[in-house]
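Reading the structure
Given next are the chains, with one letter for each unit.
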Amino acid sequence: MKILLHTCCGPCTVYPLEFLRAQGHTVSGYFYNPNIHPYREFKQRIKALVEFAEQSKFQVDIDRQYGLTQYLRQVVFHENQRCAICYDMRLKRVAEQAASQGVDAFTTTLLYSKYQNHALLKQRCAAYAEEFGVAWYYHDFREGWQEGIDGSIAMGLYRQPYCGCIYSEQERYDKKMRRARQKACAAK
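Now for a look at the structure at hand. (Residues numbered from 1 in each chain as written. Predicted model: local features only at pLDDT ≥ 70, side-chain atom pairs only at ≥ 80, totals over all residues. Heavy atoms only, no water.)

1. With respect to the packing of helix α1 (residues 14-22) against helix α6 (residues 145-154)
For the pair α1 and α6, the least separation of the axes is 8 Å and the interaxial angle reads 110°. On the basis of their axis angle, the class for α1 and α6 is roughly perpendicular. Residues V14, Y15 and E18 of α1 touch α6, and the partners they reach there are E147, G148, G151 and S152. Within the contact of α1 with α6, the residues separate by chemical class into two nonpolar, three polar and two charged. (Axes fitted to C-alpha atoms, helices over the stretch in contact; angles between N-to-C directions. Helix = DSSP H or I, 4+ residues; strand = E, 2+ residues; numbered from the N terminus. Parallel < 35°, antiparallel > 145°, perpendicular 65-115°, else oblique. Contact = heavy atoms within 4.5 Å. Nonpolar A, V, L, I, M, F, W, Y, C, P; charged D, E, K, R; others polar.)

2. Brief notes about the sheet that holds strand β3 (residues 60-62)
Spatially, β3-β2-β1-β4-β5 is the arrangement adopted by the five strands of the open sheet, whose pairing is parallel. Each of the sheet's edge strands pairs with one partner strand only, and the pair in question is β3 and β5 (135-136). Taken together, the three bridges between strand β2 (residues 26-31) and β3 define a ladder with parallel strand orientation. Bridge assignment links G29 to a residue of β3, and that residue is V60. Docked against the sheet, helix α2 (residues 39-56) engages β2 and β3, running at close to 160° with respect to β3. (Pairing = 2+ DSSP bridges.)

3. What to know about the nonpolar core
Counting residues in each nonpolar core, the largest one holds 55 residues, and the members touching the most others are L20, F58, Y71 and F106. Ranked by the residues each element gives to this core, the list is headed by helix α4 (residues 82-101), at eight residues. When residues no more than four places from it in sequence are discounted, the contact partners of F58 are L5, T7, T13, L17, R21, V27, S28, G29, F52 and A53. (Core = buried A, V, L, I, M, F, W, Y, C linked by side-chain atoms within 4.5 Å. Buried < 20%, exposed > 50% of the residue type's maximum accessible area, 1.4 Å probe, protein only.)

4. Re the packing of aromatic side chains
Tallied over the full model, the rule gives 12 aromatic pairs. Taking the centre distance of 5.9 Å and the plane angle of 75° together, the rings of F19 and F141 count as edge-to-face. Of the two residues, F19 is situated in helix α1 and F141 in the loop between β5 and α6; the sequence distance between them amounts to 122 residues. Of the residues examined, F19 reaches a relative accessible area of 14% and is grouped as buried. A ring pair is formed by F31 and F42, whose centres lie 5.9 Å apart and whose planes are at 50°; its orientation type is tilted. Taken as a pair, F31 in strand β2 and F42 in helix α2 lie far apart in primary sequence, 11 residues in all. You'll find F31 and F42 in the same group, each marked buried. A network of ring pairs unites the aromatic residues F31, Y39, F42 and Y66 as a single cluster. In this structure, R93 is placed above the aromatic ring of Y32, and the distance from its NZ or CZ to the ring centre is 4.0 Å. (Phe/Tyr/Trp six-rings, centres within 6.5 Å; stacked < 30°, edge-to-face > 60°. Lys NZ or Arg CZ within 6 Å of the ring centre and 35° of its normal.)

Set out below in structure tokens:
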């Protein structure tokens, strides 16, 4: 099959691309991630994806428009549903791209992450596949979690410390702050 792979970043593409190619599929990529903040992180992820694409001979179309304003307009005051909103923004666009390109199916590297809501991703991909009349290819890429990490390290790719949105960045720091407070309290 010809598959359009939505890519969130270079490191998360390593295993899914390897798996899909091993299954005999022809895979191209599409980077559309308006959630990524700050701008320098957005640029760094694109740079890492380009490096990965060159090393892997992976053709990827990159939407370089920084979409933070669009993302925030949809999630502000809906922070508890931000992941679902973010999935919808990205998966709808990739399904549209897949339909316009005439590929056989689409999938996403979000299915590789242990930190994403897998059941919701499956539901939203199926809905957009139906809406746009293009199949979606499901595989639980989490099985290759460590393999993807090892591969991205071996390639020297930038590995991001959070999912990309401003809220996940805050949670990253909040966890560190909570751990530091817990250690300080335990030391007393």
